[in-house]
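Survey of secondary and tertiary structure
Listed below are the residues making up each chain.
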Amino acid sequence: MSFTARTVVRRMAHRGIDWSSPHFRSNPELSSAVSAFRAWASSAEAMADKYSSAPAAIDFAAHKSVVRDMSIIEDLEAFYASAKPAPEVYEWSSDDKTDKERQIEEAKGRLAFTQEMIADTETELEFMKANRTTRDTSGTDIMESYPDIAEETEKELEERKWFKDAIS
């Protein structure tokens, strides 16, 4: 398992994500993607636990008692004792790193835009709650509350385009 995968799993584990949230179950495609990610994360965690420590030493004496030709076991034991393979090290390519950093910056920009849209929507929602229409609401009240709609309506009336939104 790569360093990046371990890092992602560790970061996600500390966030306390509610995987049973309706957000993750709302769309069948999203639900299957979340299930696949959770399966991958749990298998990655299991592999990290499995390979976190050095493997147990081989008991060559037990194998010598089972095999007829002792020279095979002795040769394997000598090879095992002398073999010191170099650890495998993964280098993250600079192109890939640059691409991922660019994607992160784009995501941050989209996040900022989304946060701004949420704030605007909440403000609009509060305005709409404060200016609810009732049986006592007049056309003038609506025109004062929503001047852009009033302007568009007046323009349509002047240009005699009464059914422009109803008929294509």
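Residues numbered from 1 in each chain as written. Predicted model: local features only at pLDDT ≥ 70, side-chain atom pairs only at ≥ 80, totals over all residues. Heavy atoms only, no water.

Right, let's talk about the overall build of the chain for a bit. Tallying secondary structure elements over the chain gives eight helices and zero strands in all. Ordered by position from the N terminus, the helices and strands of the chain form the series α-α-α-α-α-α-α-α. Considering the chain as a whole, with its 168 residues, one finds that 8% of them fall into the buried category. Partitioning the contacts of the chain with sequence separation of at least 6, the portion at a separation of at least 24 is 21%. Accessible surface, the chain as shown: approximately 14800 Å² in total, 57% of it carbon and sulfur. (Helix = DSSP H or I, 4+ residues; strand = E, 2+ residues; numbered from the N terminus. Buried < 20%, exposed > 50% of the residue type's maximum accessible area, 1.4 Å probe, protein only. Contact = heavy atoms within 4.5 Å. Areas by Shrake-Rupley, 256 points an atom, 1.4 Å probe, with all protein chains shown as cover.)

We now examine a negative patch on the surface. Where like charges cluster on the molecular surface, the negative patch consists of Glu116, Asp120, Glu124, Asp148 and Glu151. Listed by contribution, the elements that provide at least two residues to the negative patch are helix H6 (94–130) and helix H8 (147–158). Looking at which element gives the most residues to the negative patch, the answer is H6, with three residues. Assignment of secondary structure puts Glu116 in helix H6. (Patch = residues over 30% accessible without salt bridge, like charges linked within 9 Å, V, L, I, M, F, W, Y side chains within 5 Å. Salt bridge = Lys/Arg side-chain N within 4 Å of Asp/Glu carboxyl O. Lys, Arg positive; Asp, Glu negative; His and termini not counted. Charge placed at Lys NZ, Arg CZ, Asp CG, Glu CD.)

With that out of the way, let us pick up the pattern of salt bridges. If you walk through the whole model with that rule in mind, you get six salt bridges. Arg102 is the partner of Glu106 in a salt bridge, and the nearest nitrogen-oxygen pair spans 2.7 Å. Note that Glu106 and Arg102 are positioned in helix H6 at a spacing of four residues, about one turn of the helix. Residue class for Arg102 comes out partly exposed when judged on its relative accessible area of 41%.

Per the counting criterion, the structure on display carries three aromatic pairs. Between Phe37 and Trp40, the ring centres sit 5.8 Å apart and the planes meet at 35 degrees, which makes this aromatic pair tilted. Here Trp40 and Phe37 lie together in helix H3 (residues 28–50), a separation of three residues that amounts to about one turn. (Phe/Tyr/Trp six-rings, centres within 6.5 Å; stacked < 30°, edge-to-face > 60°.)

Taken together, Leu157, Trp162 and Phe163 make up a surface patch of nonpolar side chains, about 360 Å² in accessible area. Along the chain, Phe163 falls in the segment after H8. For Phe163, a relative accessible area of 55% puts it in the exposed group.

With that settled, consider the confidence of the model for the chain. In the predicted model, the chain carries a mean pLDDT of 84, and the fraction of residues at 70 or more is 89%. At the level of individual helices and strands, the chain shows its lowest average pLDDT in helix H1 (residues 3–15), which scores 61, and its highest in H6, which scores 93. (pLDDT = per-residue confidence, 0-100.)

Counting through the fold element by element, Glu156 comes out in helix H8. Those residues in contact with Glu156, other than ones at most four positions away along the chain, are Lys161, Trp162, Lys164 and Asp165.

What follows deals with the environment of Thr114. Position of Thr114 among the secondary structure elements: in helix H6. On the accessibility criterion, Thr114 (38% relative accessible area) is partly exposed. Within polar-contact distance, the side chain of Thr114 engages the backbone oxygen of Arg110 at 2.8 Å. (Polar contact = N/O pair within 3.5 Å; in protein donor to acceptor, adjacent residues only side chain to side chain.)

What you tend to see is this: most non-glycine residues have negative phi, and most peptide bonds are trans. Although it is not a glycine, Arg160 adopts a positive phi angle of roughly 55 degrees. Relative to the assigned elements, Arg160 resides in the segment after H8. In this structure Arg160 comes out as exposed when scored by relative accessible area, which is 62%.

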